[in-house]
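# An overview of the molecular structure
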Amino acid sequence: MTQINMPGEEVERLGVLLRRVIELIDTQASGFSPADVGLPLVRSGGEFDDRWNDGRFQLKRDSKDLKDACEAIVKAFADADQEMGRSLRGDDK
């Protein structure tokens, strides 16, 4: 008989990792002194910050959608497992 493994643990782990990604997206810039890094790096850093700010909202929203989907999949697996257990026991609840 072939056993089918539901990827619940992997999906749950992905949800945890996506929560961490969302937390990291919200981190603030560390700040730096232009005198410490020099003008070329200040300019490059400023350009990066501008681009990051533009993409931050979309990345956070998409990551949240993926996290929510992972949580829904894990819940669906658990619900199906419980339903299967009730069915095998003959419970009608």
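Check the entry above for the structure.
The notes below deal with the structure included here.

What counts and what doesn't
Residues numbered from 1 in each chain as written. Predicted model: local features only at pLDDT ≥ 70, side-chain atom pairs only at ≥ 80, totals over all residues. Heavy atoms only, no water. Helix = DSSP H or I, 4+ residues; strand = E, 2+ residues; numbered from the N terminus. Contact = heavy atoms within 4.5 Å. Expected span 1.5 Å × (residues − 1). Bend = angle between axes of the 7 residues up to and from the residue. Buried < 20%, exposed > 50% of the residue type's maximum accessible area, 1.4 Å probe, protein only. Arc of directions from axis to C-beta. Polar contact = N/O pair within 3.5 Å; in protein donor to acceptor, adjacent residues only side chain to side chain. Salt bridge = Lys/Arg side-chain N within 4 Å of Asp/Glu carboxyl O.

On to the environment of R19. If you trace the backbone, R19 turns up in helix α1 (residues 8–25). Between the C-alpha atoms of R19 and D68, which are 49 residues apart in sequence, the distance is 9.6 Å. Apart from the residues lying within four places of it in its own chain, the contact partners of R19 are K67 and E71.

Side chains that are three or four residues apart share a direction in an α-helix, a result of its 3.6 residues per turn. Here helix α3 (residues 39–89) contains 51 residues, and its C-alpha end-to-end distance of 72 Å stays within 8% of the 75 Å for a straight helix at 1.5 Å per residue. Along its length, α3 shows its largest kink, about 40 degrees, at G55. Within α3, the full set of buried residues consists of G45, R56, S63, K67, C70 and G85. The inward-facing, buried residues of α3 contact α1.

With 18 residues, α1 ought to run about 26 Å at 1.5 Å a step, and its terminal C-alpha atoms sit 26 Å apart, in line with that. Looking at α1, one finds that the buried residues are G8, V11, G15, L18, I22 and I25. Burial along α1 is one-sided: seen end-on, the buried residues are contained in an arc of 95 degrees. Summarising the geometry of α1, the exposed residues directed more than 90 degrees from the buried face are E9 and E10. Lining the buried residues of α1 we find α3.

Moving on to the environment of K64. Among the secondary structure elements, K64 is positioned in helix α3. With 49 residues separating them along the chain, K64 and G15 place their C-alpha atoms 9.2 Å apart. Among the polar contacts listed, one links the side chain of K64 to the side chain of D68, at a separation of 2.8 Å.

The final tally for this structure, using the stated rule, is seven salt bridges. Two residues, D68 and K67, come together in a salt bridge whose shortest N-O distance is 3.0 Å. Using a relative accessible area of 12% as the deciding quantity, one classes K67 as buried. Across the salt bridge formed by K75 and D79, the nearest N and O atoms sit 2.7 Å from each other. Of this pair, K75 and D79 both sit in helix α3, four residues apart, which is roughly one turn of that helix. You can call D79 partly exposed: its relative accessible area is 35%.

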